[in-house]
Amino acid sequence: MSHQGYVATPPYSQAQPGIGGYPSGFGSSASQPLYGHYGGPAQSFPPPQPGGLKPTGPPSSGMPPPGPNQYSPNNLQNGAHTQRFPPPVVSAPSSSSPFGQPPQPPYQNPGAAAPTSQLTHQMSAMQIGGYGPGSMQAPPGSSAPQGFQPGPPHAMSRTSMPLGPQSPQMGPPSLPAGALPMGGMSGAPPMGGMSFSGPPPPSGSVGFQPPAGPPGPHGFPPQQGSFGGQMAPAQTGFPGSFPAGTAQLAGPPQKKLDPNSIPSATQVIEDDKSKREGQLYITNLKGQVPPLVTTNFMVQDQGNASPRFMRCTTYSFPTTSELAKQCQVPLAAVIKPLATIPRNEGQLHLVNHGETGPLRCNRCKAYMCPFMQFIDGGRRYQCSFCSCVNEVPPFYFQHLDHVGRRVDFYERPELSLGSYEFVATLDYCKNNKTPNPPAFIFMIDVSYGNVKSGVVRLVCEELRTLLDALPRAENAERSAIRVGFVTYNKILHFYNVKSSLAQPQMMVVSDVTEMFVPLLDGFLVDFQESRSVIHNLLDQIPEMFAETNESETVFAPVIQAGMEALKAAECSGKLFIFHSSLPTAEAPGKLKNRDDRKLLNTEKEKTLFQPQKGVYESLAKECVSNSCCVDLFLFPNQFVDVATMGDIPLHTGGTLYKYSNFQIQADGDHFLNDLRNDVQKPIGFDAIMRVRTSTGFRATDFFGAVYMSNTTDVEMAAVDCDKAVTVEFKHDDTLSEDNGALIQCALLYTTVGGERRLRVHNLSLGCSSQLADLYKSCETDALVNFFAKSAYRAILNQPLKTVRDILVSQTAHMLACYRKCCASPSAASQLILPDAMKVFPVYMNALMKSCALVGSPDVPIDDRAFHRQLVLSMDVADSQVYFYPRLMPLHNLEATGAALPPAVRCSEERLNDTGAFLLENGRLLFLWLGQACPPDFIQGVFNVPSFAHISTEANSLPELDNAHSKKLRSVIDHITQQRAHSLKLVIVKQKEKLDMVFRQFLVEDKSLHGGASYMDFLCYVHREIRQLLT
């Protein structure tokens, strides 16, 4: 399959249709500023002031108020601040542009491509700024080095551009009322060549300009394309290019673009590994930036929480809200409160203050932590969050040493560590009673579809052994979790498995309109005590329903029954539901098929992602209040309304699994691995999380598998070791550079042993009045996690085109602000990127091409809703590999002694007919084989003589006694251990059916379902930045 990286487009001086590939295009066409992340007005960029980087003048206009909120409890926000994704506003056309430029005519579709020589000249004119205190430039056509002459600072304003791709037959795009038609940049200055003062950059390298100041390291070297084929010739795409080296910076332009010359995500990952792999990361400094999530490192807690628990979009907050609005970088933390800790780092310390309970500030209720300042000889302490002075209780008193620190500082985890746990007292328990151990209820759909596919038998066989591995409390010999069993189709069957019975007893509830639990004693039992009765039941269930013809199912009454059982037993717990089809039987929660392809790419497309209101809305609320978590395993053969059925797992802290067209041979192992992980992983129940901050800013928005009944308490029926909550912060006052910004996350939960615990994570961030410090400490992976969750929630209420427009606008705005306020003056034709965000555009482009945001009829709406819900509870490591999959060449494994081969850029250009590659995104594992793959590799791995004999039906590799097989299986095992979920192996042969599916994951290329290539998107963002700066 040939790859076209560029679409023929005219030069800058002509009209431009925008990025090819996206169905509804990029760029905002509405008159109001859609990029205002803080809900603020359009920001203009004044010249930098000497000594400070504060904007001149107040903002002039406000954002439109948010629209009515569709059911989404975690949409609640603190205070009055506007919604990030404002609804489109229709207004009368304006005769003058509010952005300081006269209206320009809309784009015209080009009739023919620009001449190659003219276009190649433009492509060679864009430069990527190098490291150092100042970039270097010279007049066009000059080849002799000249001194750098800084130009006057640009005034920066927001321009709005319609960017939808148009077919050659279409006329100009129609703009909504009130939109500003912006034509091609006919007034743009010509982009000249560059010459340099001082030594030229090394050939083939590009760099990125850090904030002005001391020179940084040299630009990162281009990644070697060891396995890439011939690069396609330069195509007539967006004007501007990225030079491969000094040869392109002066003299005649080159005819070919080098993809190695643009920022590489894999190179950034490898660079971080080479600097920080295996090192000890000590958390004793305020605002230090941790290693990337892709780097293996050890953590030593010395007062701040490990990055395994908390990661931030930036580790240096701006001191004022004006600076925050100016740069548009979201201030957020991704918190994973129960994250797994490696054994070599030890477990969290447990603090027990007896009946008095954890020590807290009297005013803000923050818990005792390393940030508290003890005064008056140790008799009082000042809270660092609200500055309140509190008395130290007599039992907690201790003298201070010569530096004012308590002499028992290192003996108390809450004074010296960033993360620890308190034993909670009865005041922290429901009804002031010690909680009972939780329960697991397994609820199996025994309708015709599930029986015929083999799911029922498979689940029952697996549970016989899996129940021995129920999670148990630390140092406990057996699990305290009780278990229960229900089967259902149109009616529900409850089972009495009391240990004193010889055979299990079935009780049937046929009236599902008002669900009740027909038995209490004998329904929830200790597995070890009732082992023989439960084994009898699991043997009998597949036989009892083997001949069933019942195809209709209920769903809401099943959840209601499980919740009522937990409520009657006065315990928290989890429902494991194995369901096959759309619940169409007459009962509460009956659903209709609303899979309407005509709504795609229309204003009403958002309704496909919205859960159907009514029964499920109230059921989710009841489940959370009764600490009933729902894990849903779906086995659909057609539309099942994932948006509605998956909403209860989403709001109860549960997990949704989906196996379309399930076949035991192909999907059985994958499902069983998921089930084992789900049952065995560490988990807490009846959880409430509160995020407190020091004065000057506050938590305003929460994204994740959570429910919020108010604006501050994050409620979760259960929270496991894989769930992450993303929290956004906003200023409400000025922050102090000396004190920094403090965050404390407190999670109150019940352990699997029935103990009430309070887990506390503390983090101190830097504050600065210089935006350069903010950009220097940004973390791209956390930024992408935030933007993905905020966009995926916004599509419930906004058209997809609007959401994509905002993502593009904000990308350009953040980078333009850096260029204006932090980078050294340079030619407008240069693309200057912050070093910490140099691969941010490739991730944002991948986000916009993700299946939830691409309105293609080829992607089922259930799949899009499933992936939307998947991402909402991801942590930073999961979202990083999800949006930029890891592509690894396998054909020279023996040459690398490392556990994993080094990854290459995620592009078709890296594939090779004679090679084999692994691609993984945290959910799927593709083994791609080129047509000319060496026979000895095929024989060694598959035990077949040639490429033609390889079966793509297999979902595992044979265990063979040779070097190829052992090494490859070792690589796959290593990858699997790194991921929270099981990976389904898919074998792909070049130019066969699955090859097209595989190529959708090559995110640097143009997408078949709509979406630009990385090169196109980078050129487009550069043009947007130029417009903001002119």
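Criteria and thresholds
- Residues numbered from 1 in each chain as written.
- Predicted model: local features only at pLDDT ≥ 70, side-chain atom pairs only at ≥ 80, totals over all residues.
- Heavy atoms only, no water.
- Salt bridge = Lys/Arg side-chain N within 4 Å of Asp/Glu carboxyl O.
- Helix = DSSP H or I, 4+ residues; strand = E, 2+ residues; numbered from the N terminus.
- Buried < 20%, exposed > 50% of the residue type's maximum accessible area, 1.4 Å probe, protein only.
- Pairing = 2+ DSSP bridges.
- Axes fitted to C-alpha atoms, helices over the stretch in contact; angles between N-to-C directions.
- Parallel < 35°, antiparallel > 145°, perpendicular 65-115°, else oblique.
- Contact = heavy atoms within 4.5 Å.
- Phe/Tyr/Trp six-rings, centres within 6.5 Å; stacked < 30°, edge-to-face > 60°.
- Core = buried A, V, L, I, M, F, W, Y, C linked by side-chain atoms within 4.5 Å.
- Disulfide = S-S within 2.5 Å.
- Polar contact = N/O pair within 3.5 Å; in protein donor to acceptor, adjacent residues only side chain to side chain.
- pLDDT = per-residue confidence, 0-100.

## Structural notes on the pattern of salt bridges
Two side chains that carry opposite charge are able to pair once their charged atoms sit near each other. By the definition in use, this model includes 45 salt bridges. A salt bridge links Asp686 to Lys430, with the shortest nitrogen-to-oxygen separation between them at 4.0 Å. A residue pair is termed long-range when its members are at least 10 positions apart, and Asp686 in strand 20 (residues 683-693) and Lys430 in the loop between strand 11 (419-423) and strand 12 (439-445) qualify at 256 residues. Judged by relative accessible area, which is 14%, Asp686 ranks as buried. The exposure class assigned to Lys430 is partly exposed, which follows from its relative accessible area of 41%. Put simply, Arg999 and Asp995 hold a salt bridge, and the shortest N to O gap is 3.1 Å. Within this pair, Arg999 and its partner Asp995 are both found in helix 21 (residues 993-999), separated by four residues, close to a single helical turn. Neither residue differs from the other here; Arg999 and Asp995 are each classed as buried. Shared partners join several salt bridges into a network, and the residues in it are Asp678, Lys681, Asp720, Asp722 and Lys723.

## With respect to the sheet that holds strand 8 (residues 373-375)
Spatially, 8-9-10 is the arrangement adopted by the three strands of the open sheet, whose pairing is antiparallel. Only two strands of the sheet have a single partner each, and these edge strands are strand 8 and strand 10 (389-391). Strand after strand, the sheet turns through a mean of 30° between neighbouring axes, direction not considered. The pairing of strand 8 with strand 9 (residues 380-382) spans three bridges and is antiparallel. The residue of strand 9 that forms the bridge with Phe374 is Tyr381.

## Section: the packing of helix 6 (residues 455-466) against helix 7 (residues 531-544)
Their axes nearest at 9 Å, the elements helix 6 and helix 7 cross at an angle of 170°. It follows that helix 6 is roughly antiparallel to helix 7 by the angle criterion. Here Val456, Arg457, Cys460, Leu463 and Arg464 of helix 6 lie close against helix 7, whose contacting residues are His535, Leu538, Asp539, Ile541, Pro542 and Glu543.

## Observations concerning the packing of aromatic side chains
Evaluation of the coordinates by the stated rule reveals 36 aromatic pairs. Measuring from ring centre to ring centre gives 5.0 Å for Phe440 and Phe576, while their planes differ by 70°; the resulting arrangement is edge-to-face. Note that Phe440 is positioned in strand 12 and Phe576 in strand 17 (residues 573-579), a separation of 136 residues in sequence. Judged by its relative accessible area of 0%, Phe440 is buried.

## Quick look at the nonpolar core
Ranked by size, the top nonpolar core spans 172 residues in total, and within it Leu492, Phe494, Ile577, Phe729 and Tyr775 carry the most contacts. The biggest single contributor to this core is helix 15 (residues 800-821), with eleven residues. Beyond its immediate stretch of four places on either side in the chain, Leu492 contacts Val486, Thr487, Met507, Val508, Val509, Val512, Met515, Val554, Pro557, Val558 and Ala561. By size, the runner-up hydrophobic cluster in this structure holds 44 residues, among which are Cys460, Phe527, Phe576 and Ile683.

## Side note on the pairing of strand 13 (residues 482-488)
By the criterion of burial, strand 13 is predominantly enclosed, with six of the seven residues buried. With seven bridges connecting them, strand 12 and strand 13 associate as parallel partners. Within strand 13, the position partnered with Phe440 by the bridge is Val483. Across two bridges, the pairing between strand 13 and strand 16 (residues 525-526) is antiparallel. Bridge pairing in strand 16 places Arg482 opposite Asp526. With three bridges joining them, strand 13 and strand 14 (residues 492-496) adopt antiparallel strand pairing. Bridging from a neighbouring strand, Tyr488 pairs with Leu492 of strand 14. Counting the residues that bridge the hairpin from strand 13 to strand 14 gives three residues.

## Quick notes on the state of the cysteines
Tallied over the full model, the rule gives zero disulfides. For Cys327, which is in no disulfide, the shortest distance to another cysteine sulfur is to Cys817 and amounts to 5.6 Å.

## Let's talk about helix 16 (residues 840-848)
The element helix 16 is extensively covered by neighbouring structure, given that nine of its nine residues are classed as buried. Those residues of helix 16 that sit buried are Phe840, Pro841, Val842, Tyr843, Met844, Asn845, Ala846, Leu847 and Met848. Where helix 16 is buried, its residues touch helix 2 (265-276), helix 14 (780-794), helix 15, helix 18 (876-883) and helix 22 (1014-1029).

## Some words on the environment of Arg531
For Arg531, the position within the fold is in helix 7. The exposure class of Arg531 is partly exposed, given its relative accessible area of 28%. Distance from Arg531 to Val497, taken between C-alpha atoms, is 8.9 Å for residues 34 residues apart in sequence. A distance of 2.8 Å separates the side chain of Arg531 from the side chain of Gln528, its partner in a polar contact.

## Looking at the side chain of Ser850
Looking at the secondary structure, you find Ser850 in the loop between helix 16 and helix 17 (861-872). A relative accessible area of 7% places Ser850 in the buried class. Other than its neighbours up to four places away in sequence, Ser850 contacts Tyr792 and Phe883.

## A few points about the side chain of Lys838
With respect to the secondary-structure elements, Lys838 resides in the loop between strand 26 (830-831) and helix 16. Side chain to side chain, Lys838 and Asp835 meet in a polar contact 3.0 Å long.

## Thoughts on the pairing of strand 6 (residues 332-335)
Along strand 6, one buried face is formed by Ala332 and Val334 and the opposite face, lined by Ala333 and Ile335, is buried too. Examined bridge by bridge, strand 4 (residues 310-312) and strand 6 share three bridges and lie antiparallel to one another. Across the sheet, residue Met310 finds its bridge partner in strand 6, namely Ile335. Pairing of strand 6 with strand 23 (residues 725-731) involves four bridges; the strand directions are antiparallel. If you follow Ile335 over to strand 23, its bridge partner there is Val725.

## Some remarks on the environment of Leu632
Mapped onto the secondary structure, Leu632 falls in strand 18 (residues 628-634). Leu632 sits 18 residues away from Leu650 along the chain, and the two C-alpha atoms are 10.0 Å apart. When residues no more than four places from it in sequence are discounted, the contact partners of Leu632 are Phe555, Ile577, His579, Met645, Pro649, Thr655, Leu656 and Tyr657.

## A short note on the confidence of the model for the protein chain
Looking at the protein chain, pLDDT values average 79 and 75% of them are 70 or higher. The secondary-structure element of the protein chain with the lowest mean pLDDT is helix 1 (residues 116-123), recorded at 37, while strand 6 shows the highest, at 98. Note that residues 1-256 has pLDDT below 50 and, in this model, 634 contacts with residues that lie over four places away or in other chains.

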